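Below, each chain spelled out in residue letters.
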Amino acid sequence: MRSEDARPVRLADYQPPAFLIDTVELGIDLDRHRTRVRSVLRVRANPERQAPAALELDGDELKLLSVKLDGRPLPADAHEATAQKLTILQPPAESFTLEIETELDPSANTKLMGLYRSGSAYCTQCEAEGFRRITYFPDRPDVMAVYTVTLTADRDDAPVLLANGNLQQKGEIPETNRHFAVWHDPHPKPSYLFAVVGGNLDRLSDSFTTMSGRKVELGIYVEPGKAGRATYAMDALKRSMVWDEKVFGREYDLDVFNIVAVSDFNMGAMENKGLNVFNDKYVLASPETATDADYAGIESVIAHEYFHNWTGNRITCRDWFQLCLKEGLTVFRDQEFSSDERSRPVKRIADVRTLRSHQFPEDSGPLAHPVRPDTYREINNFYTATIYEKGAEIIRMLKTLIGADLFAKGMDLYFDRHDGQATTIEAFIACFADVSKQDLSQFMLWYAQAGTPEVQVQTRYDAEAKTLHLDVAQKVPATPGQPTKKPMVVPLAFGLLDQDGRDLPIRLADDGWAENGVIVLDQEQKGFTCTGVSARPVLSVNRGFSAPIRLIADITEDDLFFLARHDSDFFNRWEALQKVTLRELVKSVDAIRAGETPATDPRLISAFASSLEDQSLEHAFAAQLLTLPSEVELTLEIGRDIDPDAVHAALLSLRQEIGAGIAAQALERYRSLQDSGPFVPGAASAGRRSLRAVLLGLLTASHGKEAAELAATHYRSATNMTDRISGLAALSRIPGTEREEVLKDFRARYRNDALVMDKWLSIQAAIPEEDALDRVKRLMKEPDFSLSNPNRVRALIGSFAGGNPTQFHRADGTGYQFLVRIIDELDAKNPQVAARLLTAFRSWRTLEAGRRARAEAALKQLAGGGNRSSDVADILTRTLG
Ligand code: ARG
Ligand code: ZN
């Protein structure tokens, strides 16, 4: 395996670059198979370092045509070139010019890193290490240069030519069928933010005037004929620009901002300076083709990439260990944006659900890593839920700890102090330590220690003394490479409810009034005493999910039901109901495995009934209340010896019980929520549709004939994609001819729309029935399915491996065998996507013995197979490790 030869990269080995590049002039002659790249670099030794004798430039699968130094061809004994590296053996001591010519084949680039073809366009992806697939370069984020790019292409092949920055010039090349464009980006940037695009694309145009009066031309480029589907993305972009000015004081800094949507993309999108490149899934939307979830996804990804302009581009990462410096912070910013544009508690619940379903399992298994890792073998494998989502939680805790005002001051200081730099987490945190005059060194452990802390809370009420005592203790579990942990700084927002459900004023014995209601646990164990509590209160703790922990509190079921009705903190209202539900589900999994019928606490059904009755709740919030925990969350709660069939059965049985218990009232509410009038994607009407969909799910959980009719009617009467998909999803769980007919109908309606067909693929891949695997294999033969397109692979294979636990984890191991075979094949084409699929095994050690053995066998078989990419080899080694 390659990764075992490849030395891991270590944070401790960081050295500033030996040489700096001031300017880069690129001439790129686009051609489908023989693209020529001429790169002229102004190079000088880094004054901060003793320059070593040789200049080493990174490459990856490159073909060198020529290299010149200060205009003269370099003799053979003055340089060494391989596909992976160009070494200039004795570079001049003074600054010099290096001119390098390479040739590449964009059509053969199936890894989708570097310059490649997507549909009828040329595009690039350079983060993290893709620029070295275009030309030899010190491809590391702390080498920042000013780029000027001259693109040429056949006029018909690529009428549109784009690069970073502002357009300087364009024109025809006389006596040829080619034309050219010159783009200049005045902002020094690392190579990973470089981008070019060429192709036949339509443009949606708009403009934005910034707070200081600068006019910015906005363009979204899409496949011909699809500009009408980019209007929501454009609207989201303008709202993002306004929000970043208002909330963070950040203004845009070029004359143009362009976005290009492409259909072949490894991830969600990329923040290249002034030229974002997007997976078209996060740009294209119309009521007929996109669901409310798609609209929300577009809004947040557009915002995320735009916000990177300051948190990522103006201030970038010194090295890739600092990835969370830009990603965690930018996720936090996009979460805040969506909260302001939509509903804050609903957004918080959705984000915590994501964290628990993706980050928590990662953090408790073999792939656990710190938010800032100190070693890696393959950086592409670190674009993880831990670095993104847990990274965002750290920023949120920082804000909670020092307060909103000081947080804002710290951000301003960061922008001021580090603009134009490639910097570190330490430098970032120092800004907040400086403005708050707090010592944040212990807080830094959140970046260094992996694992989800477990926090125990025990309460003692003393009626005579009128005090409530809280005993709080923490334990950070061992993770790979980190057997022992130090105590972290855990901010716990809390409140006390009186018998009527009202918040009591909080007075802490030592610290006086706890105005913001936050206690901070910074030792292994700590006690807090609330005074002046005249009757036994109900404790609501970790309000708003103030810390990304697993909370183990001695709260009775009665109190949880009480909180579910009364907590003024809406997040904890939802959380309380989830908690009781999980407790019930764990019991019923045990019952099912013992061959007994699970018996549900009737109070749980009444709690769901009252959530439904409470007309004062926002629809979207009620929908969250009525949504059961996911299979992943239940699995995590159980923790070991997992039987996915029992987990699934427990959830299904509870859903059926709730459905039956609240049927009459649910049906009435379901009917009253029917949409009238044209589709609007806003939060309020999306919330109404989501509540109606959740009710449909409960009403059809019985899987009987009436259920099938209700779901099919929902599907057939839909006037937008959201309702259409809700109907299809509900019906997909009900075996029978009705389902198969509706699946056919959907295919006939949307077969020409790949993004819509992805929904069709993923719903079918997730059907929890015996023949799911056969269905998936059949769907792979559909004419539009292709292993070369990441969206198709994620929709079909990803949904099977990640969204169909009973069938992926089949007791006979055929689910594992299947996935491993696909990964083997895909690895040769697109290692990044293959490695990502492989993370479906991340919790294999928690399975019951039989499945565990089969999973291990499948993983070992993959490890023993042919030439593994470093991406797949790295995940394999760690998963088995
Ligand atoms: N920086 C991008 C973002 O906004 C992610 C790009 C990662 N791409 C990759 N191939 N590793 O999140
Ligand atoms: Zn990002």
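About the cut-offs
Residues numbered from 1 in each chain as written. Chains lettered and ligands numbered in written order. Predicted model: local features only at pLDDT ≥ 70, side-chain atom pairs only at ≥ 80, totals over all residues. Helix = DSSP H or I, 4+ residues; strand = E, 2+ residues; numbered from the N terminus. Buried ≥ 20, exposed ≤ 12 C-beta atoms within 10 Å, placed from the backbone. Contact = placed C-beta atoms within 7 Å. Core = buried A, V, L, I, M, F, W, Y, C linked by C-beta atoms within 7 Å. UniProt positions renumbered as here; feature names shortened; annotations may be inferred. Pairing = 2+ DSSP bridges. Axes fitted to C-alpha atoms, helices over the stretch in contact; angles between N-to-C directions. Domains from an automatic or database assignment. Near = placed C-beta within 6 Å. Nonpolar A, V, L, I, M, F, W, Y, C, P; charged D, E, K, R; others polar. Expected span 1.5 Å × (residues − 1). Parallel < 35°, antiparallel > 145°, perpendicular 65-115°, else oblique. Left-handed = near helix turned anticlockwise from the far one by under 90°.

Asker: Would you mind showing me how to read the overall build of the protein chain here?
Answerer: Looking only at helices and strands, one finds 28 helices and 33 strands in the protein chain. Overall, the protein chain is about 90 × 65 × 60 Å in size when its C-alpha atoms are taken along their principal axes. Put simply, the protein chain has 881 residues, and 51% of those count as buried. Looking at the protein chain alone, contacts between residues at least 24 apart form 71% of all its contacts between residues at least 6 apart.

Asker: What am I meant to see in the nonpolar core here?
Answerer: Generally speaking, soluble globular proteins have nonpolar side chains that are buried together. Membership of the largest hydrophobic core comes to 251 residues, with the highest contact counts inside it found for Ala233, Val260 and Val283. Contact partners of Val260, with chain neighbours within four places excluded, come to Cys123, Leu162, Val197, Leu201, Tyr221, Val277 and Phe278.

Asker: Would you take a moment to explain the UniProt feature "domain: Peptidase M1 membrane alanine aminopeptidase" (unreviewed entry) in the protein chain for this structure?
Answerer: As annotated in UniProt, the feature "domain: Peptidase M1 membrane alanine aminopeptidase" (unreviewed entry) corresponds to residues 232-444 in the numbering used here. Helix makes up 55% of residues 232-444 and strand 9%. Its end C-alpha atoms lie 39 Å apart.

Asker: Looking at this structure, how should I read the sheet that holds strand β13 (residues 160-163)?
Answerer: The strands making up a sheet associate through hydrogen bonds between their backbones, and the pairing can be parallel or antiparallel. Strand order in the open sheet formed by 4 strands is β10-β11-β16-β13, with antiparallel pairing between adjacent strands. The sheet is open, and its two borders are formed by β10 (114-118) and β13, each paired with just one other strand. This sheet shows a mean twist of 20 degrees between the axes of neighbouring strands, independent of strand direction. Two elements, β10 and strand β11 (residues 121-125), share 5 bridges in a ladder whose sense is antiparallel.

Asker: Sorry if this is basic, but what is going on with the sheet that holds strand β3 (residues 35-45) here?
Answerer: Here 8 strands make up an open sheet; going across it, the order is β6-β5-β9-β3-β2-β12-β15-β14 and the pairing mixed. In this open sheet, the two strands that pair with only one neighbour each are β6 (72-73) and β14 (166-172). As judged from the 6 bridges shared by strand β5 (residues 63-69) and strand β9 (residues 96-104), these two strands associate in the antiparallel manner. Paired with Lys63 across the bridge in β9 is Glu103.

Asker: Is there a simple way to think about the domain arrangement of the protein chain in this case?
Answerer: The extent of an interface is frequently quoted as the accessible surface area lost upon association of the parts. Looking at the assigned domains, one finds that the protein chain contains domain 1 (1-199), domain 2 (316-448) and domain 3 (454-547). The interface of domain 1 with domain 2 comprises 16 residues on the first partner and 15 residues on the second. The set of elements that each furnish at least two residues to the side of domain 1 that touches domain 2 consists of β1 (9-10) and β15 (178-190).

Asker: In this structure, what is going on with the site of ligand 1? I would like to understand it.
Answerer: In the vicinity of ligand 1 lie 15 residues, with Glu127, Asn266, Met267, Asn380 and Tyr383 positioned nearest. Contributions of two or more residues to the shell around ligand 1 are made by β20 (269-270) and α3 (292-307). In terms of residue class, the shell around ligand 1 is made up of 5 nonpolar, 6 polar and 4 charged. There are two domains that each give the shell around ligand 1 at least three residues, and those are domain 1 (1-199) and domain 2 (316-448).

Asker: Help me out: how do you make sense of helix α20 (residues 737-750) in this one?
Answerer: Along its 14 residues, α20 runs 20 Å from first to last C-alpha, staying within 8% of the 20 Å computed at 1.5 Å per residue. Buried-residue contacts for α20 involve α18 (705-716), α19 (721-732) and α21 (754-765).

Asker: I tried to follow the pairing of strand β16 (residues 196-199) on my own but got confused; where do I start?
Answerer: Residues Val196 and Gly198 line one face of β16 and the alternating positions Val197 and Gly199 line the opposite face, and both faces are buried. Here β11 pairs with β16 via 2 bridges, running antiparallel. Among the inter-strand pairings, Tyr122 is bridged to a residue of β16, identified as Gly198. In the sheet, β13 pairs with β16 via 4 bridges, with the strands oriented antiparallel. Paired with Ala163 across the two strands is Val196, which belongs to β16.

Asker: Looking at this structure, how should I read the environment of Gly798?
Answerer: Of note, Gly798 is situated in helix α23 (residues 790-803). The class for Gly798 is buried, based on 20 C-beta atoms found within 10 Å. Separated by 453 residues in the primary sequence, Gly798 and Pro345 place their C-alpha atoms 29 Å from one another. Sequence-distant contacts of Gly798, defined by excluding residues within four places in its chain, comprise Val793 and Leu837.

Asker: Honestly, the environment of Val43 in this entry has me stumped. Any pointers?
Answerer: Position of Val43 among the secondary structure elements: in strand β3. Under the C-beta neighbour-count criterion, Val43 is labelled buried, with 21 such atoms within 10 Å. Along the primary structure Val43 and Leu115 are separated by 72 residues, whereas in three dimensions their C-alpha atoms are 24 Å apart. Those residues in contact with Val43 that lie beyond four places of it in its chain are Phe19, Ile21, Leu55, Ser95, Phe96 and Leu98.

Asker: What is the right way to read unusual backbone geometry from this model?
Answerer: Leaving glycine aside, a negative phi is the common case for residues, and trans is the common case for peptide bonds. At the junction of Glu127 and Ala128, the peptide bond is cis and its omega measures out at 0 degrees in the coordinates. Among the structural elements, Ala128 can be located in the loop between β11 and β12 (144-154). At Lys437, a position not held by glycine, the phi torsion is positive, near 55 degrees. Within the secondary structure, Lys437 is located in the loop between α8 (425-436) and α9 (445-448).

Asker: Before we go on, may I ask you to explain α19 in this structure?
Answerer: Between its first and last C-alpha, α19 extends 16 Å over 12 residues, near the 16 Å set by a 1.5 Å rise per residue. In terms of burial, α19 is a largely internal element, 12 of the 12 residues being buried. Burial in α19 covers these residues: Met721, Thr722, Asp723, Arg724, Ile725, Ser726, Gly727, Leu728, Ala729, Ala730, Leu731 and Ser732. Where α19 is buried, its residues contact α3, α17 (683-699), α18, α20 and α21.

Asker: Would you explain the packing of α18 against α19 in this entry?
Answerer: The description of two helices packed together rests on the angle between their axes and the distance between the axes. For the pair α18 and α19, interaxial distance at closest approach is 7 Å and the crossing angle is 155 degrees. The angle between α18 and α19 falls in the class roughly antiparallel. When the axes of α18 and α19 are compared, the crossing they make is left-handed. In this structure, α18 uses Ala708, Ala711, Ala712, His714 and Tyr715 to contact α19, whose residues at the interface are Asp723, Arg724, Ser726, Gly727, Leu728, Ala730 and Leu731. A per-class count over the contact of α18 with α19 returns 7 nonpolar, 3 polar and 2 charged.

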